[in-house]
Amino acid sequence: AQKVTQAQTEISVVEKEDVTLDCVYETRDTTYYLFWYKQPPSGELVFLIRRNSFDEQNEISGRYSWNFQKSTSSFNFTITASQVVDSAVYFCALISGNTPLVFGKGTRLSVIA
Amino acid sequence: GAVVSQHPSWVICKSGTSVKIECRSLDFQATTMFWYRQFPKQSLMLMATSNEGSKATYEQGVEKDKFLINHASLTLSTLTVTSAHPEDSSFYICSARGRHVAEALSIQYFGAGTRLSVL
């Protein structure tokens, strides 16, 4: 069975602080993809990143970075110098085969000015 | 990124009426579409998966006669909530996934969601 765990339900940080959102996954498949989506208050899910199971290189995109560690089954997401516009719910998700995405429960990030 | 259009974004209806929600993939062919339901402060719950031209596959506990799904073309899927009741009030989100020749799996893109309120 596939499972995604986001242990942090809610996080509050002050603007300009760095914040890391944790994601731990479970799957028996050797080929799979991991995702992060952002859901702002408007409700629309915004795709942030996809990482396949064979590519463990960390990725940086502007203030966003992702750390994929197969040894610990983790795919953590770090926002550097957080901004108020980063306030949203962030979902980590997993897919393998032709199945739908399996979502974590989400982490609600509040960035306070 | 790819665009998925969902309409309407907000609907209020009386108990007992039916509501149709449309989901369109605007710049790619969606071979598979998904319908999710999200309660406040909770994660997305998959309701059903539909492949173009086939009957939808519903998740356990989802009433297929209550939530009618049609995926008649590669760019359009509809969800009809029949005889809606207050407990059906929720945020419904559609998602579409295409088929990329170069990749075994393609990205799921999401619509903006439909907030349904049944009075």
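What you are looking at is a predicted structure, and each value in this text was computed from that prediction instead of being measured.

A. Molecular detail of the environment of B:Trp35. Residues and elements named next belong to chain B. Looking at the secondary structure, you find tryptophan 35 in strand β4 (residues 32-38). Spatially, the C-alpha atoms of tryptophan 35 and threonine 49 are 6.6 Å apart, while their sequence positions differ by 14 residues. At 3.0 Å, the side chain of tryptophan 35 and the side chain of serine 77 are in polar contact.

B. Inspection of the interface of chain B and chain A at higher detail. The partner chain A presents 22 residues to the 20 residues of chain B that form the contact. Across the chain B to chain A interface the summed buried area is about 1,700 Å²; carbon plus sulfur atoms make up 57%. Across the contact surface, chain B and chain A share zero salt bridges. Among the secondary structure elements, those contributing two or more residues to the side of chain B that touches chain A are β4, β5 (44-51), β9 (90-97) and β10 (108-110) of chain B. Here the side of chain B that touches chain A is built from residues that sort into ten nonpolar, seven polar and three charged.

C. Representation of the packing of aromatic side chains within the structure. Tallying each qualifying case throughout the model produces 20 aromatic pairs over all chains. Both rings, one in A:Phe35 and one in A:Tyr37, keep their centres 6.1 Å apart while their planes meet at 20°; by these two values the pair is stacked. With relative accessibility at 1%, the residue A:Phe35 sits in the buried group. Judged by relative accessible area, A:Tyr37 falls into the buried class, the value being 1%. Here B:Phe67 and B:Tyr92 contribute two aromatic rings whose centre-to-centre distance is 6.2 Å and whose plane-to-plane angle is 45°, an arrangement assigned as tilted. On the criterion of sequence distance, the pair formed by B:Phe67 in strand β7 (residues 67-73) and B:Tyr92 in strand β9 is long-range, its members being 25 residues apart. By the burial criterion, B:Phe67 is buried, and B:Tyr92 matches it. In this structure an aromatic cluster arises from ring pairing among A:Phe35, A:Tyr37, A:Phe47, A:Phe91, A:Phe103, B:Phe28, B:Tyr36, B:Tyr109 and B:Phe110.

Each value, and the rule that gives it
Residues numbered from 1 in each chain as written. Chains lettered and ligands numbered in written order. Predicted model: local features only at pLDDT ≥ 70, side-chain atom pairs only at ≥ 80, totals over all residues. Heavy atoms only, no water. Helix = DSSP H or I, 4+ residues; strand = E, 2+ residues; numbered from the N terminus. Polar contact = N/O pair within 3.5 Å; in protein donor to acceptor, adjacent residues only side chain to side chain. Contact = heavy atoms within 4.5 Å. Buried area = accessible area lost by both parts, 1.4 Å probe. Salt bridge = Lys/Arg side-chain N within 4 Å of Asp/Glu carboxyl O. Nonpolar A, V, L, I, M, F, W, Y, C, P; charged D, E, K, R; others polar. Phe/Tyr/Trp six-rings, centres within 6.5 Å; stacked < 30°, edge-to-face > 60°. Buried < 20%, exposed > 50% of the residue type's maximum accessible area, 1.4 Å probe, protein only.

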